[in-house]
Amino acid sequence: MVRPSLKKFRRIVVKVGSSLLIDSDAGEVRASWLAALADDLAKLHKEGRELLVVSSGSIALGRSRLKLPRGTLKLEESQAAAAVGQIALARIWSEVLGHHGIGAGQILVTLQDTEERRRYLNARSTIAKLLEWRAVPVINENDTVATNEIRYGDNDRLAARVAAMASADCLVLLSDVDGLYTAPPASDPNAQHLPVVPRVTAEIEAMAGGAASELSRGGMRTKIEAAKIATTAGVHMAIADGRIEHPLKRIAEGGRCTWFLTPSNPVTSRKKWIAGSLEPKGVVRIDAGAAKALVSGKSLLPAGVRGIEGEFARGDCVVIRNADGGEIGRGLIGYDAGEALQIMGRSSRDIEEILGYSGRAAMIHRDDMALAGE
């Protein structure tokens, strides 16, 4: 089976865990390793790839800066340590990427930011704008406010959610193992490495072991869960050994890792999700000109809207109907129902004057829309 190549991907998410980034003994960043990773990222960036980094390390860095003793921290202690560590983590990524002339933007997310559509759209729009500006979003779970009940708890699944949210086509989990084995290699000398996993099956899930390092919250089990999330969203995923210097270069050169394949792509998967998985909360009726524009690949602007039905909030799914009442598609609306009523039929230039704030030009962006037949 043919292994994917990093050179063929357009938008790549790279997950970096605490155990790779932080020296557990010194409590400081592994500077030489991080500089080598930044070299790899810069090369991909120069080749035109769009990059996102999901980075752990805020609690570990905060613990070091505050000189906290070893041992398990209470929830409020972890949150306070993260508040200190997040500043350090952002500065570190800004400096190593800035050395290559690449801007970095920090995005802190919680579980709700990827599960609630309103907040999901906000995070997705911020990521899209940073990528448009050729900056690298550096994303971390917001450990300062996340509680045990509302947190991911590991950055493997968070990275998969981010990859899906950003419509990435590749996710790389840099780990302390070089991929998936048929059994835990530390305890089974007969364990075989799997270079390619075409589909995550019950048998594949049964191969997962537990967490391996002191700083890591996850293990192979969370990586398999991440693979399920990613591949369902049309994202290829790789698990690779991040302990070596230049880990992305090694993957690009065909080094050992495990690829989880997806039969779909991010755009197709997203459209299926919008068209078939979400309950519509309202209806947007458009004129013939707007319908023609949508078919040609345009976003839906307020000027082409002739009617609004239902009570919906920003981020909800709505049905798009033409002048004859026929359904031509569905999409995630960019405005609440009341706001949509106020701006329908008007130019996007008038939005700020009508609503009192400068909203998005499109009522439904093309990326958040699935037309019939797509």
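Values in this document were obtained by computation on a predicted structure and should not be read as measured data. (Residues numbered from 1 in each chain as written. Predicted model: local features only at pLDDT ≥ 70, side-chain atom pairs only at ≥ 80, totals over all residues. Heavy atoms only, no water.)

### What about the packing of helix H3 (residues 58-65) against helix H4 (residues 75-98)?
Interhelical geometry of H3 versus H4 gives an angle of 100° and a closest axis separation of 6 Å. One element, H3, and the other, H4, form an angle in the roughly perpendicular class. Residues Ser58, Ile59, Leu61, Gly62, Arg63 and Arg65 of H3 form the contact with H4, whose own contacting residues are Ser78, Ala81, Ala82, Val84, Gly85, Gln86, Ala88, Leu89, Arg91 and Ile92. Residue composition of the contact of H3 with H4, by class: eight nonpolar, five polar and three charged. (Axes fitted to C-alpha atoms, helices over the stretch in contact; angles between N-to-C directions. Helix = DSSP H or I, 4+ residues; strand = E, 2+ residues; numbered from the N terminus. Parallel < 35°, antiparallel > 145°, perpendicular 65-115°, else oblique. Contact = heavy atoms within 4.5 Å. Nonpolar A, V, L, I, M, F, W, Y, C, P; charged D, E, K, R; others polar.)

### A closer look at the environment of serine 296
As for its position among the elements, serine 296 is in the loop between helix H12 (288-295) and strand S14 (305-309). A polar contact of 2.7 Å, which involves the side chain of serine 296, links it to the backbone oxygen of alanine 293. (Polar contact = N/O pair within 3.5 Å; in protein donor to acceptor, adjacent residues only side chain to side chain.)

### Examining H12
Since the α-helix advances by 3.6 residues per turn, residues separated by three or four positions end up pointing in the same direction. Looking at H12, one finds that the buried residues are Ala290, Ala291 and Leu294. Along the axis of H12, the buried residues cluster in a sector spanning 100°; they form a single face. In H12, the exposed positions that point more than 90 degrees away from the buried face belong to Ala288, Lys292 and Val295. Residues of H12 that are buried in the fold lie against strand S13 (282-286), strand S15 (317-321), strand S16 (327-332) and strand S17 (369-371). You can read the cap of H12 off the contacts: a side-chain oxygen lies 3.3 Å from the backbone nitrogen of glycine 289, and it is on aspartate 287. A positive phi of about 100° marks glycine 297, the residue just after H12. (Buried < 20%, exposed > 50% of the residue type's maximum accessible area, 1.4 Å probe, protein only. Arc of directions from axis to C-beta.)

### Focus on the confidence of the model for the protein
Averaged over the protein, the pLDDT score is 89; the fraction of residues at 70 or greater is 95%. With pLDDT under 50 throughout, residues 210-218 is counted as low confidence; its partners more than four residues away or in other chains account for 20 contacts. (pLDDT = per-residue confidence, 0-100.)

### Description of the pattern of salt bridges
In total, this model carries 20 salt bridges according to the counting rule given. The shortest N-O distance in the salt bridge between aspartate 156 and lysine 223 comes to 3.2 Å. With aspartate 156 in helix H7 (residues 155-165) and lysine 223 in helix H9 (residues 220-232), the pair connects residues that are 67 residues apart, well separated along the chain. When the shortest N-O distance is used, the salt bridge between glutamate 327 and arginine 330 registers 2.9 Å. By relative accessible area, glutamate 327 is classed as partly exposed at 37%. Beyond isolated ion pairs, a larger network of salt bridges with shared partners links Arg10, Arg11 and Glu50. (Salt bridge = Lys/Arg side-chain N within 4 Å of Asp/Glu carboxyl O.)

### Digging into the nonpolar core
With 45 residues, the main nonpolar core has Leu171, Leu180, Ile204, Met237 and Phe260 as its most contacted residues. Of all the elements in the fold, those that place two or more residues in this core are strand S4 (50-55), strand S5 (104-109), helix H6 (117-132), H7, strand S7 (170-175), H9 and strand S11 (236-241). Leucine 171 has contacts with Val13, Ala159, Ala160, Ala163, Ala230, Val235, His236, Met237 and Ala238, leaving out every residue within four places of it along the chain. With 40 residues, the next largest nonpolar core counts Val16, Trp93, Val96 and Ile251 among its residues. (Core = buried A, V, L, I, M, F, W, Y, C linked by side-chain atoms within 4.5 Å.)

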